[in-house]
Number of protein chains: 2
Amino acid sequence: MILTVTLNTALDITYRVPSLRPHGSHRVSEVTERPGGKGINVARVLAALGHRVTVTGFSGGATGDEVRTRLADEPGVTDALVPVAGATRRTVAVVDEHTGDTTQLNEPGPLVTAAEWAAFQDAYEDMLSGVAAVALCGSLPPGLPVGAYAVLVRAARAADVPVLLDTSGEALRRGLAARPDIIKPNADELAELTGSHEPLRATQDARRRGARTVIASLGAEGLLARTPDGMWRAAPPARVHGNPTGAGDSAVAGLLSGLVENLPWPDRLARAVALSAATVLSPTAGDFDRAAYEKLLAQIPVTAA
Amino acid sequence: MILTVTLNTALDITYRVPSLRPHGSHRVSEVTERPGGKGINVARVLAALGHRVTVTGFSGGATGDEVRTRLADEPGVTDALVPVAGATRRTVAVVDEHTGDTTQLNEPGPLVTAAEWAAFQDAYEDMLSGVAAVALCGSLPPGLPVGAYAVLVRAARAADVPVLLDTSGEALRRGLAARPDIIKPNADELAELTGSHEPLRATQDARRRGARTVIASLGAEGLLARTPDGMWRAAPPARVHGNPTGAGDSAVAGLLSGLVENLPWPDRLARAVALSAATVLSPTAGDFDRAAYEKLLAQIPVTAA
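What you see is a predicted model; the values in this text were computed from it and never measured. (Residues numbered from 1 in each chain as written. Chains lettered and ligands numbered in written order. Predicted model: local features only at pLDDT ≥ 70, side-chain atom pairs only at ≥ 80, totals over all residues. Heavy atoms only, no water.)

Attention now moves to helix 5 (residues 169-176) of chain A. All names here are of chain A. Where helix 5 is concerned, the buried positions are G169, A171, L172, G175 and L176. Along the long axis of helix 5, the arc covered by the buried residues comes to 155°, so they all point the same way. Looking at the packing, one finds that the buried side of helix 5 touches helix 4 (148-158), strand 11 (163-166), strand 12 (182-183), helix 6 (187-194) and helix 7 (199-208). (Buried < 20%, exposed > 50% of the residue type's maximum accessible area, 1.4 Å probe, protein only. Helix = DSSP H or I, 4+ residues; strand = E, 2+ residues; numbered from the N terminus. Arc of directions from axis to C-beta. Contact = heavy atoms within 4.5 Å.)

Next up, the structure:
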């Protein structure tokens with residue numbers, strides 16, 4: 001069993017409009033909804049790979065009910081969300097059918113009280129027993145201390161559960177100090193953390209700050225992994241075109257599944273890159289194209305760096 | 001008691017963003033929600049004027065639950081919405097804090113089945129007994145016959161309840177044939193109905209098509225009323241600047257309240273124009289500024305046309 005934590009879960013709403021014009025009035029031609037937030041996206045991909053996965057984090061209000069109702073329909077995903085009084089946020093992705101561009105509007109999320117945060121920590125510690133790995137994903141909702149991820153990383157380490165942290169900004173900086181097993185920053189997040197735009201130097205610096213392994217996701221250039229066992233680069237065989245939404249979450253799912261299956265690092269990285277590329281290629285944002293994934297998996301060059 | 005019908009009710013969501021950039025990702029700085037749809041907006045203004053008002057129409061899904069929960073907090077408004085299986089639509093107004101402009105995204109609404117429409121008609125006919133006036137407001141949700149308003153107008157006339165119809169396009173054209181007491185098209189709706197952009201001619205044509213009274217709302221020029229008792233123009237004393245959202249709904253509330261109070265036409269028109277202008281002046285979209293309303297009420301010139 002893998003546990004994913006999404007402290008700021010979301011009801012992800014996608015609107016298709018013929019053409020988005022600021023200051024205009026638009027009839028939305030198609031509305032789709034699904035549970036979202038990075039950890040839930042990771043869980044969906046893990047379940048598709050055949051892993052049993054539990055999702056936790058907060059849910060509340062009518063939007064939280066909607067998230068839970070829809071999660072119950074996702075095969076292989078167990079809902080262990082913890083209730084809060086505030087309402088789960090919505091994210092709205094407006095797809096312009098003319099240009100294909102997406103405009104994103106993200107609500108901040110519910111104000112979580114100190115008592116709710118304490119109740120979550122208790123529930124989380126109970127969940128850690130018997131878990132093979134845990135992923136801590138995404139932004140923090142309002143009200144949570146900026147060191148929230150450090151607390152969750154420490155609890156995982158105390159329970160001997162490998163922990164992957166995928167967040168950004170101050171939440172990442174503070175979480176790092178608690179020494180997570182893996183972080184997976186993208187180029188911008190890594191530069192913000194370390195002040196360096198040079199991935200070789202920045203990953204080294206990020207390890208010094210506390211991460212056991214740093215996997216930098218460098219867009220079309222794939223992954224750069226700095227691990228205790230060595231350094232590797234893994235990249236798709238050719239540039240893939242499509243919608244990058246969720247590609248990072250698919251990479252996290254690839255890394256986590258490889259970890260619990262005890263794959264060697266090059267195999268984990270190849271899986272993460274293939275899943276990520278297959279997500280970009282999928283017509284539905286956040287889903288991955290299984291045929292493309294299986295085909296790509298044998299074609300990812302992984303080289304020692 | 002006044003009854004307002006909103007077949008396509010909505011959960012109106014307002015997002016404030018620092019600056020709306022197509023293809024960008026935005027953190028929403030403020031989220032507000034309230035029950036919407038034209039008939040619900042009309043009811044809110046009627047209640048603020050001291051009238052008892054019942055709202056009906058359809059509600060369904062988590063968004064419908066949210067609408068009903070919030071309606072329960074609106075003083076003076078009784079909820080008589082009829083349940084449907086589909087979810088009540090959302091509308092999203094994105095306010096750009098830099099320019100002040102609003103970009104509107106409107107979901108289409110739930111697919112209403114024939115059985116749900118039949119159940120609504122039964123409930124509506126029961127509600128008509130003991131009602132002083134009824135307003136039929138806004139667009140039709142998917143699934144309803146385009147002649148839906150004609151059916152509701154006929155039922156009101158059969159029950160001897162004065163009926164105001166405020167809709168547009170084919171729904172207005174078909175509703176007119178059932179001879180509503182009042183229609184309140186704006187200049188565009190009137191031109192679409194009659195083919196004429198000349199209000200004097202167009203209001204005459206609209207009466208020929210079946211409306212007993214036509215009140216054309218002409219933006220800054222106020223109202224042009226063609227009634228069985230004569231023709232009047234009523235306009236604000238000076239141009240008002242602000243957000244016109246809901247100004248038309250406030251005008252409908254003014255006309256309806258004047259009708260049930262048996263005011264002479266000039267007083268009804270002055271009230272409608274003053275409410276409409278006080279809505280444009282209000283900082284909150286759709287609310288009216290009561291002090292401005294009371295001050296304006298004595299200043300609206302109403303002239304025979």
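The next thing to look at is the interface of chain A and chain B. Taken together, the contact pairs 28 residues of chain A with 28 residues of chain B. In total, chain A and chain B occlude about 2,300 Å² of area from one another, counting both sides; carbon and sulfur atoms represent 55% of this. Looking at the side of chain A facing chain B, the largest losses of area belong to H23(A), R90(A) and L105(A), adding up to 23% of the total buried there. For the pair chain A and chain B, the interface holds two salt bridges. We note a salt bridge from E33(A) to R90(B), for which the minimum N-O separation is 2.4 Å. Where chain A meets chain B, there are 16 residue pairs in polar contact (both at pLDDT 80 or more). (Buried area = accessible area lost by both parts, 1.4 Å probe. Salt bridge = Lys/Arg side-chain N within 4 Å of Asp/Glu carboxyl O. Polar contact = N/O pair within 3.5 Å; in protein donor to acceptor, adjacent residues only side chain to side chain.)

Residue and element names in this part refer to chain A. Here R271 lies in helix 9 (residues 265-281). Side-chain polar atoms of R271 contact the side chain of S257, separated by 2.8 Å. Look past the residues within four positions of R271 in its chain and what remains in contact with it is G254, S257, G258, E261, L263, Y293 and L297.

The two copies are related by a screw operation: chain A maps onto chain B through 180° of rotation and 0.0 Å of translation along the axis, at an RMSD of 0.0 Å. With respect to symmetry, the two chain copies, as superposed, fit the operation of a two-fold axis. Nearest to the rotation axis, the C-alpha of A62(A) is located 2.9 Å from it, this being the minimum over chain A. With an isologous cut-off of 70% or more, the 100% of interface residues of chain A that recur at the interface of chain B puts this contact in the isologous class. (Least-squares fit on C-alpha atoms with pLDDT ≥ 70 in both.)

Right, let's get into a positive patch on the surface. A contiguous patch of positive charge on the surface is contributed by R157(A), R179(A), R207(A) and R212(A). Of note, R157(A) is situated in helix 4. (Patch = residues over 30% accessible without salt bridge, like charges linked within 9 Å, V, L, I, M, F, W, Y side chains within 5 Å. Areas by Shrake-Rupley, 256 points an atom, 1.4 Å probe, with all protein chains shown as cover. Lys, Arg positive; Asp, Glu negative; His and termini not counted. Charge placed at Lys NZ, Arg CZ, Asp CG, Glu CD.)

As a further point, take empty space enclosed by the protein. With the rule as written, the count across this model stands at one cavity of 30 Å³ or more. Considered as a void within the structure, the largest cavity measures approximately 40 Å³ in volume. In this structure, the largest cavity is lined by L20(A), V94(A), T103(A), L105(A), L20(B), V94(B), T103(B) and L105(B). (1 Å grid on protein atoms, 1.4 Å probe; cavity = no way out; pocket = protein on both sides within 12 Å on 5 of 7 lines; lining within 4 Å. Points joined across faces, edges and corners; volume = space filled by probe spheres on them.)

Residue and element names in this part refer to chain B. Along the chain, A156 turns up in helix 4 (residues 148-158). A156 sits in the buried class, given a relative accessible area of 0%. Distance in space between the C-alpha atoms of A156 and Y124 is 9.2 Å, their sequence separation being 32 residues. Setting aside residues no more than four positions away along its own chain, A156 makes contact with Y124, L128, V134, V161 and V163.

A separate point is the pattern of salt bridges. Considering all chains together, one arrives at 24 salt bridges over all chains under this definition. For D287(A), the salt bridge is made with R34(A), and the minimal N-O distance between the two is 3.0 Å. In this pair, D287(A) sits in the loop between helix 9 and helix 10 (290-297) while R34(A) sits in strand 4 (residues 30-36), placing the two residues 253 residues apart along the sequence. Each of E33(A), E66(A), R70(A), R90(B) and E107(B) takes part in one network of salt bridges that share partners.

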